[in-house]
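Survey of secondary and tertiary structure
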Amino acid sequence: MKIALLGYGRMGKEIEKIALQRGHEIIIKTSGKEAYDITKADVAIDFSIPSSAYNNISTCINNNVPVISGTTGWLDKYNDIVDLCNEKKGAFIYASNFSLGVNVFFELNKQLAKMMSTLEQYNVSIEEIHHTKKLDAPSGTAITLAEGVIEGTNKKAWELDQKTSEDNISITAIRTPDVPGTHTVTYNSEVDTIDIKHTAHNRQGFALGAVIAAEWLKKDKTGVFTMRDVLNLG
């Protein structure tokens, strides 16, 4: 499989290692300034920056190249990409986190939220810890976790580093050197605390999941998908 890496930072380099190990060929590596012909690729993997993601993804879709994206911070234009993908009969996956373990964690989070929905004595909060070079806060993964809680409870929204309403979920974002990503969902009451936690030990899990998603999407798919589809978690 011929892969285009749109974004060649630390994640791009990790994805390259995994892709080569799995027998694929990297034919395009761009950090955003280099010219490239996307039509030569079988599939594209976008781990760029928020200001580049929309153009990267739309270029792929307009040229009939399946594309997956793990870039966060651009989702105000997500629905535009969905519309474009459907119009062009393209293939697209966005995930806030491609780690296989995190996507199982997302499902556990949703199930726990449903179980806790009638226990009003518990207050729910989310904490995420990442390396200091992460550009956005809260993380896309923390937002996905918050959305999972909202789906299963009476919570209305999330707030960053504050709690102004009982209807909202407080997300705390911490930046520490050399932390790939740690996410904790906490239900706290006067008598006890329930935590579920995912800790990434390195970036290999994110890279492996991205390559697996690209392999899955390449197989004659049309439409907008998620990692739930890739991993058959639905």
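Procedures and definitions
Residues numbered from 1 in each chain as written. Predicted model: local features only at pLDDT ≥ 70, side-chain atom pairs only at ≥ 80, totals over all residues. Heavy atoms only, no water. Helix = DSSP H or I, 4+ residues; strand = E, 2+ residues; numbered from the N terminus. Contact = heavy atoms within 4.5 Å. Phe/Tyr/Trp six-rings, centres within 6.5 Å; stacked < 30°, edge-to-face > 60°. Buried < 20%, exposed > 50% of the residue type's maximum accessible area, 1.4 Å probe, protein only. Lys NZ or Arg CZ within 6 Å of the ring centre and 35° of its normal. Arc of directions from axis to C-beta. Disulfide = S-S within 2.5 Å.

Right, let's talk about the environment of Ile38 for a bit. Tracing the backbone through its elements, the reader meets Ile38 in the loop between β2 (25-30) and β3 (43-46). Spatially, the C-alpha atoms of Ile38 and Thr193 are 50 Å apart, while their sequence positions differ by 155 residues. Filtering out sequence-adjacent residues up to four positions away, Ile38 remains in contact with Ala4, Leu6, Ile28, Ala44, Thr59, Cys60, Asn63 and Val65.

The next subject is the packing of aromatic side chains. Taken as a whole and assessed by the stated rule, the structure comprises 6 aromatic pairs. Arranged with centres 5.9 Å apart and planes meeting at 55 degrees, the rings of Phe47 and Phe98 form a pair that is tilted. One end of the pair, Phe47, is in the loop between β3 and α2 (50-62); the other, Phe98, is in the loop between β5 (91-94) and α4 (100-116), with 51 residues separating them in the sequence. With relative accessibility at 16%, the residue Phe47 sits in the buried group. Summarising the aromatic geometry, the rings of Trp74 and Tyr78 are spaced 6.3 Å apart at their centres and angled 50 degrees between planes, so their arrangement reads as tilted. Here the aromatic cluster, defined as three or more aromatic residues joined through ring pairs, consists of Trp74, Tyr78, Phe92 and Tyr94. One Lys or Arg, Lys77, reaches over the ring of Tyr54 and ends 4.9 Å from the middle of that ring. Above the ring of Trp216, the side-chain terminus of Lys221 is found at 4.3 Å from the ring centroid.

Along helix α3 (residues 78-88), the residues that are buried comprise Ile81, Val82, Leu84 and Cys85. Viewed along the axis of α3, the buried residues span an arc of 165 degrees, placing them on a single side of the element. Exposed residues lying more than 90 degrees from the buried face of α3 are Asn79 and Glu87. Next to the buried residues of α3 lie α2, β5 and β11 (223-225).

Our focus in this paragraph is unusual backbone geometry. Even without being glycine, Lys89 reaches a positive phi, approximately 55 degrees. Along the chain, Lys89 falls in the loop between α3 and β5. In the Ramachandran plot, Asn232 falls in the positive-phi region, its phi being about 55 degrees despite a non-glycine side chain. Relative to the elements of secondary structure, Asn232 occurs in the segment after α7 (227-230).

A separate point is the state of the cysteines. Covalently bonding the sulfur atom of one cysteine to the sulfur atom of another cysteine gives a disulfide. For the structure shown, the criterion picks out 0 disulfides. Considering cysteine sulfurs only, Cys85 is the nearest to Cys60, which forms no disulfide, with 11 Å between them. According to the relative accessible area criterion, Cys60 is buried, its value standing at 1%.

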